[in-house]
Amino acid sequence: MNPFLESASSAARLVASGDPKLFDIVGLSLGVSALACVIATAAGLLIGAMLAVWRFPGRRVVLVLLNTLLALPSVVVGLVVYLLLSRAGPLGAMGILFTPAAMVIAQSILVTPIVAALARQTLDDALHDHGDQLRSLGAGKLVSALIVAWDERMVLLTLALVAFGRAVSEVGAVMIVGGNIDGVTRVMTTAIALETSKGDLPLALALGLVLLGVVLVLNALIALLRGWGAHVDARVGAVS
């Protein structure tokens, strides 16, 4: 049998049999990325809303910096977090380097700028369209931001799913701060890199299949949310 087909067949059997090692890695990956996504979404929405509502000196500079952080290299984030959490670093006393907590911190830092930039743009556009009407009704900046955020809730929820997809596919930063320790900090992406280098292609392919499945489910959810949001808007428009 062709080596690729043989590896793919073995990978499919690992997934179908519920291999404990495989699903331990998957469970840790999903848990770390989900927590990082919650933290990054909360922080990103808050930052994005503040930048959309408030005008202050230096705002353009902040926006340029925020957009620059969208292309922040993951290995740079990993290095900075490593230096902060190492024994000689300012946060070394916490003792969380090479733990899932360090991985959550690195992923949160990576994903927050994405959520913040996209949320800021979404809320800014919504306020541009409806801000004058809201102000004429007596709504302040905070109330206006909350109203448009609720109105754009489907888009913002989609941003959260995008954030999770970015976090779960991360490899560079989590490799540096997690150390890829078996049973402790080994996640899908780092395990794929390691098992490929070791020649254990079936396990690497099985993890790749699961990772692709996660991404597929996320894209399906995003499509469903967009379709549901469009359906709700159409019904509201028909009623009004």
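The structure under discussion appears in the preceding block.
A short tour of the structure in this document, coming up. Computed from a predicted model, the values in this text were never measured in an experiment. (Residues numbered from 1 in each chain as written. Predicted model: local features only at pLDDT ≥ 70, side-chain atom pairs only at ≥ 80, totals over all residues. Heavy atoms only, no water.)

### Considering the overall build of the protein
- Of regular secondary structure, the protein possesses 10 helices and zero strands.
- Order of helices (α) and strands (β) in the protein, N terminus to C terminus: α-α-α-α-α-α-α-α-α-α.
- On the principal axes, the C-alpha backbone points of the protein span a range of 70 × 50 × 25 Å.
- Counting only residues that meet the buried cut, the protein has 41% of its 240 residues in that class.
- Sequence-distant contacts in the protein: of pairs separated by 6 or more residues, those separated by 24 or more amount to 73%.
- For the protein, the exposed area adds up to about 13000 Å²; of that, 70% sits on carbon and sulfur atoms.
- The distance from the centre of the 15 positive side-chain charges to the centre of the 14 negative ones in the protein is 7 Å. (Helix = DSSP H or I, 4+ residues; strand = E, 2+ residues; numbered from the N terminus. Buried < 20%, exposed > 50% of the residue type's maximum accessible area, 1.4 Å probe, protein only. Contact = heavy atoms within 4.5 Å. Areas by Shrake-Rupley, 256 points an atom, 1.4 Å probe, with all protein chains shown as cover. Lys, Arg positive; Asp, Glu negative; His and termini not counted. Charge placed at Lys NZ, Arg CZ, Asp CG, Glu CD.)

### Describing the nonpolar core
- If you look at the biggest cluster of nonpolar residues, it comprises 25 residues, and the most contacted ones within it are Val111, Phe164, Val168, Met188, Leu207 and Val214.
- Elements supplying a minimum of two residues to this core: helix H2 (20-53), helix H5 (100-136), helix H7 (153-168), helix H9 (188-198) and helix H10 (201-239).
- Broken down by element, the residue count for this core peaks at nine residues, all from H10.
- For Phe164, the residues in contact, after removing those within four places along its chain, are Leu30, Ser33, Ala34, Cys37, Val214 and Leu218. (Core = buried A, V, L, I, M, F, W, Y, C linked by side-chain atoms within 4.5 Å.)

### Brief notes about unusual backbone geometry
- Even without being a glycine, Phe98 presents a positive backbone phi close to 65 degrees.
- Looking at the secondary structure, you find Phe98 in the loop between helix H4 (74-85) and H5.
- Under the relative-accessibility criterion, Phe98 is labelled partly exposed at 33%.
- Of note in this structure, Asn180 is not a glycine but carries a positive phi near 55 degrees.
- Given a relative accessible area of 10%, Asn180 falls into the buried group.

### Overview of the environment of Thr190
- Along the chain, Thr190 falls in helix H9.
- Along the chain, Thr190 and Gly165 lie 25 residues apart, while their C-alpha atoms are 16 Å from each other.
- If near-sequence neighbours (up to four positions away) are discounted, Thr190 is found in contact with Val171, Val174, Met175, Asn180 and Thr185.
- Polar side-chain contacts of Thr190 include one of 3.1 Å to the backbone nitrogen of Val187. (Polar contact = N/O pair within 3.5 Å; in protein donor to acceptor, adjacent residues only side chain to side chain.)

Geometric values such as these leave the question of function open.
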